[in-house]
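Geometric and topological summary
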Amino acid sequence: QLQLVESGGGLVQAGGSLRLSCAASGPTFTDYAIAWFRQAPGKEREFVAAISRGEGSFYADFVEGRFTISRDNIKNTGYLQMNSLKPGDTAVYYCAADRGPWTGLPRSTADFGSWGQGTQVTVSS
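Below, the structure is looked at part by part. As the structure is a prediction and not an experimental result, all values here were calculated from the model.

1. Some points on the nonpolar core
Counting residues in hydrophobic clusters, the biggest one holds 26 residues, and the most contacted among them are Trp36, Val48, Leu80, Met82 and Tyr93. Counting residues per element, the ones that place at least two in this core are strand E3 (18-25), strand E4 (33-39), strand E5 (46-51), strand E7 (67-72), strand E8 (77-82), strand E9 (91-98) and strand E11 (119-124). Not counting residues up to four positions away in its chain, the partners in contact with Met82 are Gly16, Ser17, Leu18, Leu20, Arg66, Phe67, Tyr93 and Val121. Within the second largest apolar cluster, 8 residues are counted, among which are Ala35, Phe37, Ala60 and Phe112.

In structure tokens, the structure reads:
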């Protein structure tokens, strides 16, 4: 498994932006898909975005074009650029990674074996 360390969370006003980072250590980072999940108080952890080793990406419907997932294979780091943030985006955001394989698009927490510690994102109105 990869070891994942997240950073970049914080407090922003509605309409603002944040960039979350997920620094990975371990072998063959390029063989792993990277994903972001989030969890608000009292709710289950939900899928946000994922990016494959070939840098194809997909997003949850609630993203609505506001977020961009990316990766830097030289720095062994994944990113989530979040723009036009809403109060409903307030949650703890987690980075995850796995090599697969999957029968479909990986959108479940069970699809990923490596997890970061989470970073708090708070959006004020």
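Having seen the model, we can carry on.
2. Focus on the environment of Ser70
Following the sequence through the fold, Ser70 ends up in strand E7. Counting along the chain gives 64 residues from Ser70 to Glu6, while the straight-line C-alpha distance between them is 14 Å. With residues up to four places along the chain from it excluded, the contact list for Ser70 reads Ile51, Gly78 and Tyr79.

3. Re the state of the cysteines
Evaluated as defined, the whole model comprises 1 disulfide. Covalent S-S linkage joins Cys22 and Cys95, the inter-sulfur distance amounting to 2.1 Å. Here the disulfide of Cys22 and Cys95 is left-handed, its torsion about the S-S bond being about -85°. Remark: Cys95 occurs in strand E9 and Cys22 occurs in strand E3; sequence separation between them is 73 residues. Among the residues examined, Cys22 registers a relative accessible area of 2% and is labelled buried. Judged by relative accessible area, which is 0%, Cys95 ranks as buried.

4. Details of the sheet that holds E7
Sheet strands line up and pair through hydrogen bonds in the backbone, either parallel or antiparallel. Across the sheet, which stays open at both edges, the 4 strands sit in the order E1-E3-E8-E7 with antiparallel pairing between neighbours. The sheet terminates laterally at strand E1 (3-7) and E7, the two strands that pair on one side only. On average, adjacent strands in this sheet sit at an angle of 15° to one another, irrespective of strand direction. Of the pairings in the sheet, the one linking E7 to E8 comprises 6 bridges and is antiparallel in character. Looking at the pairing, Ser70 lines up with Tyr79 of E8.

5. Quick notes on the packing of aromatic side chains
Inspection of every chain in the model, using the stated rule, returns 5 aromatic pairs. On the numbers, 5.7 Å between centres and 80° between planes, the contact of Phe37 with Phe47 is edge-to-face. Note that Phe37 is positioned in strand E4 and Phe47 in strand E5, a separation of 10 residues in sequence. For the pair formed by Phe37 and Phe47, the shared burial category is buried. Note on Phe47: relative accessible area 8%, which makes it buried. Members of the aromatic cluster, joined through ring pairs, are Phe37, Phe47, Phe58, Trp102, Phe112 and Trp115. Here the basic side chain of Arg45 rests over the ring of Tyr94, its NZ or CZ set 3.7 Å away from the ring centre. Across the ring face of Trp115, the terminal group of Arg45 is positioned such that the distance to the ring centre comes to 5.1 Å.

Quick notes on the rules
Residues numbered from 1 in each chain as written. Predicted model: local features only at pLDDT ≥ 70, side-chain atom pairs only at ≥ 80, totals over all residues. Heavy atoms only, no water. Core = buried A, V, L, I, M, F, W, Y, C linked by side-chain atoms within 4.5 Å. Buried < 20%, exposed > 50% of the residue type's maximum accessible area, 1.4 Å probe, protein only. Helix = DSSP H or I, 4+ residues; strand = E, 2+ residues; numbered from the N terminus. Contact = heavy atoms within 4.5 Å. Disulfide = S-S within 2.5 Å. Pairing = 2+ DSSP bridges. Axes fitted to C-alpha atoms, helices over the stretch in contact; angles between N-to-C directions. Phe/Tyr/Trp six-rings, centres within 6.5 Å; stacked < 30°, edge-to-face > 60°. Lys NZ or Arg CZ within 6 Å of the ring centre and 35° of its normal.

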